[in-house]
Amino acid sequence: LTPGSEGSTFGGYPLASVIGVYAIKTLIDEQLTSNARVRGKELMDGLNVIKNKFPDKIKEVRGKGLLTAFEMFDDAKLDGHKISVGLLKNGVYAKETHHTTIRLAPALTINSEQINMLLDAVSNVVESL
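Values in this document were obtained by computation on a predicted structure and should not be read as measured data. (Residues numbered from 1 in each chain as written. Predicted model: local features only at pLDDT ≥ 70, side-chain atom pairs only at ≥ 80, totals over all residues. Heavy atoms only, no water.)

Student: Requested: an account of the sheet that holds strand 3 (residues 95–97), with residues and values cited.
Tutor: Spatially, 4 strands are ordered 1-2-4-3 in an open sheet, and the strand pairing comes out antiparallel. Unpaired on one side and paired on the other, strand 1 (58–64) and strand 3 mark the two borders of the sheet. Mean inter-strand twist for the sheet, computed between neighbouring axes without regard to direction, equals 20 degrees. As paired strands, strand 3 and strand 4 (residues 101–104) are joined by 3 bridges and run antiparallel to one another. Counterpart to E96 in the pairing with strand 4 is I102. In this fold helix 2 (residues 32–53) packs onto strand 1, strand 2 (67–72) and strand 4, with an angle of close to 175 degrees to the strand it touches most, strand 1. (Pairing = 2+ DSSP bridges. Helix = DSSP H or I, 4+ residues; strand = E, 2+ residues; numbered from the N terminus. Axes fitted to C-alpha atoms, helices over the stretch in contact; angles between N-to-C directions. Contact = heavy atoms within 4.5 Å.)

Student: Can you explain helix 3 (residues 80–89)? Please cite residues and give values.
Tutor: Of the residues making up helix 3, those classed as buried are G80, I83, S84, G86 and L87. For helix 3, the angular spread of the buried residues around the axis is 165 degrees, confining them to a single face. Every exposed residue of helix 3 that faces more than 90 degrees away from the buried side is listed here: L88 and K89. On the buried face of helix 3, the contacting elements are strand 2, strand 3, strand 4 and helix 4 (112–128). Of the residues trailing helix 3, G91 is marked for its positive phi of about 85 degrees. (Buried < 20%, exposed > 50% of the residue type's maximum accessible area, 1.4 Å probe, protein only. Arc of directions from axis to C-beta.)

This is the structure:
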């Protein structure tokens, strides 16, 4: 490869092609889509338990697989940024959007124990508000 020869939008970049093949192989071999479905259900069920525990704070839980979110009621005390920072202090990376929605997108390799740790962190942070 010479400078500039590897950069093309639709040029069939060889290194990216090899990486893509191995990424698909890993998804299949490690059954990551199945894990996302199973762990995503655990996560959604757990978030709904937390929602029921704090019905005055959490308005809605939604998601598919491991791409999940919970929405807080629009209240200055329930600021999504504060929740994201609180979660980060508890070892969970989350991103707030529109001041009230907190997105969670854990790794496809997450296990049940880690789901429980994530849910404990969410519960603790929401409770502290």
